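# Structural features, examined
Listed here are the chains, written in short residue letters.
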Amino acid sequence: MQLDRRIKRRHFLVLMAMTLLWVGLIARLWWIQLGAPHRFSRRGIDLVKASVKQRQQSFVLHSGRGDILDRGGYAFTGVEHLALILFPLARGSLEGTEGLARLAEITGQPKERLSETMEKAKVPLLLRSETGKLIELTQKQADEINALGIPGVVALAVTERYRTDEVAKHLIGFIHKNPGMVETLYPDEWASGKMNAESTVGASGLERSFDRFLQGVEPSVLSYYVDGQGKPLRGLDIRYTKPSNQYYPLSLSTTLDVDIQRRMEAAADQVGLREGSVVVLDAQNADILAAVSRPSYDQTNVGGQAGEWKNRAFKQLPPGSVFKTVVAAAALAEGVISPTERFTCTGEYGKYHFSCWKKEGHGSVTMEEAYAESCNIAFAEIAKRVGSEKLEEYARRLGLTAQVGHATAHLFKLDGFKQLDGEESGRVFAKDVSYSDEGVLIQSAIGQRDVRITPLQAANMMVTILRGGQPAQVRLVKEIAYRNGQPFYQFPEQKLSAAGIDYVTASKLRKMMRKVVTDGTGQILLDSSWQVAGKSGTAQTGSTSDSKNHLWFVGYAPLEEPRYAICVVAENQPSWGKNQAMELFRRAVDELADYTARSSQLRAGYSRE
């Protein structure tokens, strides 16, 4: 009897376990099928879309994100072109037919190349040249291709968001899929299912800082449904989904000038700039007209490029003698130096291993001459009179210790909104450094030790001086607009919170910067297309004799009626050979002069008409 009871109990327990298992499986299936098919697992996977995707070959004709435009309306994020789209399923459609020969005839491409392209295709793709450039079609070519009626071969208008030959890549940035970032940045949309693990977000540049506004609507997609062998399913024709909304996506109108941007990037590449940056600001209001960062990168394939997508124009570096502008401003404004007072440079300071770049010394020089010839010894003496506190104060007044990019306190759901992604602040002294340490002070006076500023801040300092000492915020985006062109939000010109300097001091600095070019370290710029003024800088990156240098030149042009404030930095340059920064600055000025002359001619032509 007891044995029978034990057997029955075991049977009962086994039956209960199997019942619970089946109930669990059924509950799991219910959850997968009905409970959370669009939000499965913590990653928010849409199972419905994933299952459809297994039997779907799709191509995105337009990402659905808003465009990023230059000040004249040029789109950095793509222009619509007619192009040939090839789906892998077309392999079977073209076998044993004259379709391939006819397609080659219409497109002007060799039949063998078309066949090879199709054989290698694993996903839908665009027909490109051997160099990777999109082969654009005429309307007639597109009509002839579509008239062939070959499944998987279609000619339609396509907008590529990023192009390999596009400019301003570091300013525009790129997008990527990052479920963790989506959930963090868009918690409401994540919870409601509007955004999931397949959603893309801005990863850098304007794509990141304005991501919430550029998100827009669903992409335009061209799709075929196929069977397990990749052949088109009968009865399910090509599907084209295109959102229709007259207001979205929003677009950004930037302050950039695509012509100036192209010219600056071409100049940088012509001089062989491998690491560094060029910044061109409007001398009146500090708007960014162009900003170049090298090395460049591929916006469509960022994974293997460690940090090359970071914008060097917004990253802090030791400025070298460019920082002597701050020392001069403090000395002049505080009246601690007489303009005619002379200093003696023998080449050596006598302690702290501090010396002048000119081993034999500059002899007897005034502050103006010391600035022009970049005398370290004279500026060490001047800095001692200014003092550490005042030196840091005037760096702050000139906008060198804080971010200078355009900021908005409240912009819809965003507090403390900043236009410039990745912009760093500058500094004069490191934390816990004694302000009474003379050795630290004199090293800081020549832009070494712990001094750090960004090329953007340096260019903006020129604008501050040109504006009579009044600093401005640097603007990159002027307006967010609806799809129909109506304004959504406009960003006004704004002053920087920094106190600035007085008009008289600013005027004296301008005269000193001109002397740098006429009598000092910048004489190579005397043959520029325009007369220019500015300050050179060489910052050592190590303590050994063969260490690399960061070469700077920051200034403005033309001299009498300044239009542009320019900063050029050539990073990690050898201590011998040509000064790449000055060479690039000269080329930049020449390009700007030519651009301005051509623009004036065009305006004159329009006015005559």
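For the structure itself, look to the data block above.
Quantities reported herein were computed from a predicted structural model and do not represent experimental measurements. (Residues numbered from 1 in each chain as written. Predicted model: local features only at pLDDT ≥ 70, side-chain atom pairs only at ≥ 80, totals over all residues. Heavy atoms only, no water.)

## Considerations on the overall build of the protein
- Assigned secondary structure in the protein consists of 20 helices and 21 strands.
- Residue burial in the protein is summarised as follows: out of 609 residues, 50% are buried.
- For the protein, long-range pairs separated by at least 24 residues make up 71% of all intrachain contacts whose partners lie at least 6 apart in sequence.
- Here the protein displays about 29900 Å² of accessible surface, and carbon together with sulfur accounts for 50% of that area. (Helix = DSSP H or I, 4+ residues; strand = E, 2+ residues; numbered from the N terminus. Buried < 20%, exposed > 50% of the residue type's maximum accessible area, 1.4 Å probe, protein only. Contact = heavy atoms within 4.5 Å. Areas by Shrake-Rupley, 256 points an atom, 1.4 Å probe, with all protein chains shown as cover.)

## Comments concerning the sheet that holds strand β18 (residues 487-490)
- Taken in spatial order, the four strands of this open sheet run β2-β10-β17-β18, and their pairing is mixed. Because the sheet does not close on itself, it has two edges, and the strands there are β2 (68-69) and β18.
- Where strand β10 (residues 251-254) lies against strand β17 (residues 477-481), four bridges are found, and the strand directions are antiparallel. The residue of β17 that forms the bridge with L252 is I480. (Pairing = 2+ DSSP bridges.)

## Overview of a nonpolar patch on the surface
- Together, V14, M18, L21, W22, L25 and I26 make up a nonpolar patch on the protein surface, roughly 630 Å² of accessible area in all.
- In this fold, W22 is placed in helix α1 (residues 2-35). (Patch = residues over 30% accessible without salt bridge, like charges linked within 9 Å, V, L, I, M, F, W, Y side chains within 5 Å. Salt bridge = Lys/Arg side-chain N within 4 Å of Asp/Glu carboxyl O.)

## A look at helix α4 (residues 99-107)
- Taken as a whole, α4 has its buried residues at G99, L100, L103, A104, I106 and T107. In a view along the axis of α4, the buried residues occupy a sector of 165 degrees, so they form one face of it.
- Directly beyond the C-terminal end of α4, a positive phi value near 75 degrees is found at G108. (Arc of directions from axis to C-beta.)

## Some details on helix α17 (residues 438-445)
- The element α17 is extensively covered by neighbouring structure, given that six of its eight residues are classed as buried.
- Along its buried surface, α17 packs onto α13 (324-334), α15 (376-386) and α16 (388-397).
- Where α17 begins, the side chain of D437 points an oxygen toward the backbone nitrogen of G439, at a separation of 3.0 Å. (Polar contact = N/O pair within 3.5 Å; in protein donor to acceptor, adjacent residues only side chain to side chain.)

## Some thoughts on the packing of α15 against α17
- Interaxial distance between α15 and α17 falls to 9 Å at its minimum, and their mutual angle equals 120 degrees. Considering their axes alone, α15 and α17 lie oblique with respect to each other. Where α15 crosses over α17, the two elements pack in a sense that is right-handed. Of the residues in α17, those touching α15 at F379, A380, A383 and K384 are E438, L441, I442 and A445.
- When grouped by side-chain class, the residues that make up the contact of α15 with α17 number six nonpolar, no polar and two charged. (Axes fitted to C-alpha atoms, helices over the stretch in contact; angles between N-to-C directions. Parallel < 35°, antiparallel > 145°, perpendicular 65-115°, else oblique. Left-handed = near helix turned anticlockwise from the far one by under 90°. Nonpolar A, V, L, I, M, F, W, Y, C, P; charged D, E, K, R; others polar.)

## Digging into the sheet that holds strand β12 (residues 288-294)
- The strand order across the open sheet built from five strands is β12-β11-β21-β20-β19, with neighbouring strands paired in antiparallel fashion. The outermost strands of the open sheet, each flanked by one partner alone, are β12 and β19 (533-540). Each neighbouring strand pair of the sheet contributes to a mean axis angle of 5 degrees, computed without reference to strand direction.
- Judged from the eight bridges that link them, β19 and strand β20 (residues 549-557) form a sheet pairing that is antiparallel. Considered in β20, the bridge of G537 is made with W552.
- Where helix α18 (residues 455-466) meets the sheet, it contacts β11 (276-282), β12, β20 and β21 (564-573), and its direction lies at approximately 30 degrees from that of β11.

## Details of the nonpolar core
- Counting residues in hydrophobic clusters, the biggest one holds 137 residues, and the most contacted among them are F210 and I288.
- It is helix α20 (residues 580-608) that contributes the most residues to this core, nine residues altogether.
- Excluding anything up to four places from it in sequence, F210 contacts L252, F417, Q419, V477, I480 and F491.
- Ranked by size, the runner-up nonpolar core spans 16 residues in total, among them L86, L100, L137 and V153. (Core = buried A, V, L, I, M, F, W, Y, C linked by side-chain atoms within 4.5 Å.)

## A few points about the packing of aromatic side chains
- Considering all chains together, one arrives at 22 aromatic pairs under this definition.
- With 6.2 Å between their ring centres and 70 degrees between their planes, F213 and F412 make a pair best called edge-to-face. Here F412 lies in the loop between β15 (407-411) and β16 (414-418) and F213 lies in helix α11 (residues 211-214), a separation of 199 residues in the sequence.
- By relative accessible area, which is 6% here, F213 ends up buried.
- Plain terms: the ring middles of Y489 and F491 are 4.9 Å apart, the flat faces sit at 70 degrees to each other, and that makes the pair edge-to-face.
- Look at F491 and you get buried, because its relative accessible area is 2%.
- Members of the aromatic cluster, connected to one another through ring pairs, are F210, F213, Y247, Y248, F412, F417, Y482, F488, Y489 and F491.
- Sitting over the ring of Y394, R397 keeps its end group 5.0 Å from the ring centre. (Phe/Tyr/Trp six-rings, centres within 6.5 Å; stacked < 30°, edge-to-face > 60°. Lys NZ or Arg CZ within 6 Å of the ring centre and 35° of its normal.)

## Describing the packing of α13 against α16
- Their axes nearest at 9 Å, the elements α13 and α16 cross at an angle of 105 degrees. With respect to each other, α13 and α16 are oriented roughly perpendicular. On α16, the residues that touch V326, V327, A329, A330, A333 and E334 of α13 are K390, L391, Y394 and A395.
- Looking at the contact of α13 with α16 residue by residue, the class counts come to eight nonpolar, no polar and two charged.

## Considerations on the state of the cysteines
- Scanning the entire structure with this criterion turns up zero disulfides.
- Cysteine C345 remains unbridged, with the sulfur of C375 as its closest cysteine sulfur at 3.6 Å. (Disulfide = S-S within 2.5 Å.)

## Examining the pattern of salt bridges
- Within this structure, the stated rule accounts for 31 salt bridges.
- For the salt bridge of E369 with R342, the shortest nitrogen-to-oxygen distance reads 3.4 Å. Here the residue E369 occupies a position in helix α14 (residues 367-373), and R342 occupies one in strand β13 (residues 342-345), the gap between them amounting to 27 residues.
- What makes E369 partly exposed here is its relative accessible area of 25%.
- Through salt bridges with shared partners, a single ionic network connects D259, R263, E591, D594 and R598.

## Examining the environment of Q540
- The topology assignment puts Q540 in strand β19.
- Those residues within four positions of Q540 in sequence are excluded, and the remaining contacts are Q448, K548 and N549.

Functional significance is not addressed by these values, which are geometric in nature.
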